[in-house]
Amino acid sequence: MSLVQKPVHLTFLGCGHIGRALLGVLLPRVAQPDSPISKITVALRRKESEAQLRDLYHSSRAPVNIVSGQNINAVKNADAILLAFPPEQVHKVLEPFEMRQALRDKIIISILARTPQDKLKQLIGGNDKTNGLVMKDIRLVRAMPTMGTEVQESATLIGDPSSPAEKEALELAMWMFNLVGKVFKISPDYFDTSTGMSAFCNALTTVALQSIAQKAAAKGVPIEKAVAIASQCIRGMVSMALSGVSPEQLEHSLSAPGSITGQAISGLRDGQLATLLESSFSAAITRARDEHS
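What counts and how
Residues numbered from 1 in each chain as written. Predicted model: local features only at pLDDT ≥ 70, side-chain atom pairs only at ≥ 80, totals over all residues. Heavy atoms only, no water. Buried < 20%, exposed > 50% of the residue type's maximum accessible area, 1.4 Å probe, protein only. Helix = DSSP H or I, 4+ residues; strand = E, 2+ residues; numbered from the N terminus. Pairing = 2+ DSSP bridges. Phe/Tyr/Trp six-rings, centres within 6.5 Å; stacked < 30°, edge-to-face > 60°. UniProt positions renumbered as here; feature names shortened; annotations may be inferred. 1 Å grid on protein atoms, 1.4 Å probe; cavity = no way out; pocket = protein on both sides within 12 Å on 5 of 7 lines; lining within 4 Å. Contact = heavy atoms within 4.5 Å. Axes fitted to C-alpha atoms, helices over the stretch in contact; angles between N-to-C directions. Domains from an automatic or database assignment. Buried area = accessible area lost by both parts, 1.4 Å probe. Salt bridge = Lys/Arg side-chain N within 4 Å of Asp/Glu carboxyl O.

A. Main features of the pairing of strand E5 (residues 107–110). Judged by which residues are buried, E5 turns out to be covered on both faces: Ile107 and Ile109 on one side and Ile108 and Ser110 on the other are all buried. Bridge count for E5 against strand E6 (residues 139–144) is four bridges, and the pairing is parallel. Residue pairing for E6: Ser110 is matched across the bridge by Arg142.

This is the structure:
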């Protein structure tokens, strides 16, 4: 039996780039017979953001309500909450007593970067006797989608639940993020490290693609053609890795004596690529662990 006993009214608190991409995928599925979501409210801080989002989804017939300056009411009227505002605003948004009261008994899914689950629970009311919330009873899971959400190719990390109360939130999060890519359940012990790794992979691909295309363009290849060819080559190799071929197997297959690819691999090895990448990789992980005070 589904842990989500009945379709829920989901409220987005904030809606940045990834939030909008997720919203666009969810809206056609809201209120469908097999959907665990019956209605969506998007609560924004600024009137301008509300107007922009209304323009974006003005033709949608899905049951969505877009509001601004009404965070507490939007939370009160919902069954589940997606925390999707800038992480720097976490104290301002969650610390008011009225907000913590409104969050009682809600399913909560957080996509806030650099904001650990325990910290969110404490802000919501884990250490506040007047609120009456106990940390283990808060139904909260942490999820970290990637920019691939915009093309339904996200590598979303979702924290393994630490208590039975969180399993309903986990199920809803799994359903939502499986719509926009692949989901990986991650232990809290290495959640931040995995987040830093994901960010680094996105950065590495972006910089490498840009550099390759620019070098090819300098040799006469039209820049748009170079980007398309390089992107498809990367996609092909990644698809093979996703099918189960290990990086070592890929390298062996590509490194036939005298091959162009083998020569390129040797050049990258001789150029100490791993050493060059180490500092950037470590910096990404450090940043992922850099909590807001």
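B. Quick look at the packing of aromatic side chains. Within this structure, the stated rule accounts for one aromatic pair. A ring pair is formed by Phe200 and Phe281, whose centres lie 5.2 Å apart and whose planes are at 85°; its orientation type is edge-to-face. Residue Phe200 is found in helix H8 (residues 191–218), and its partner Phe281 is found in helix H12 (residues 273–288); the two are separated by 81 residues along the sequence.

C. Geometry of the UniProt feature "binding site: NADP(+)" (unreviewed entry) in the protein chain. Following the UniProt record, the feature "binding site: NADP(+)" (unreviewed entry) maps to Ala84, Phe85, Pro86 and Pro87 here. Here the residues from the annotation list that line the second largest pocket are Ala84, Phe85, Pro86 and Pro87. With respect to the secondary-structure elements, Ala84 resides in the loop between strand E4 (80–83) and helix H4 (90–94). Residue class for Ala84 comes out buried when judged on its relative accessible area of 12%. Not counting residues within four places of it along the chain, the set of residues in contact with Ala84 comprises Leu13, Gly14, Cys15, Gly16, Ile111 and Leu112. Tracing the backbone through its elements, the reader meets Pro86 in the loop between E4 and H4.

D. Seen up close, the sheet that holds strand E7 (residues 154–159). Spatially, eight strands are ordered E3-E2-E1-E4-E5-E6-E7-E8 in an open sheet, and the strand pairing comes out mixed. Edge positions in the open sheet fall to strand E3 (64–68) and strand E8 (181–186), since each of these has one partner strand only. Between one strand and the next, the sheet's axes are offset by a mean angle of 20°, whatever the strand orientation. The strands touched by helix H7 (residues 167–178) within the sheet are strand E1 (8–13), strand E2 (37–44), E4, E5, E6, E7 and E8, with E5 carrying the most contacts at an inclination of about 50°. Helix-sheet contacts for H8 involve E6, E7 and E8, and the interaxial angle to E7 is about 170°.

E. Broad picture of the domain arrangement of the protein chain. Domain assignment breaks the protein chain into domain 1 (8–186) and domain 2 (195–291). Taking only C-alpha atoms, the centre of domain 1 and the centre of domain 2 are 34 Å apart. With six residues of domain 1 in contact, the opposing surface of domain 2 contributes seven residues. Counting the surface lost from both domain 1 and domain 2, the interface buries some 690 Å², and carbon and sulfur atoms represent 57% of this. When residues of domain 1 are sorted by the area they lose upon contact with domain 2, Arg114, Thr146 and Leu157 head the list and together hold 57% of the total. Linking domain 1 to domain 2 there are zero salt bridges.

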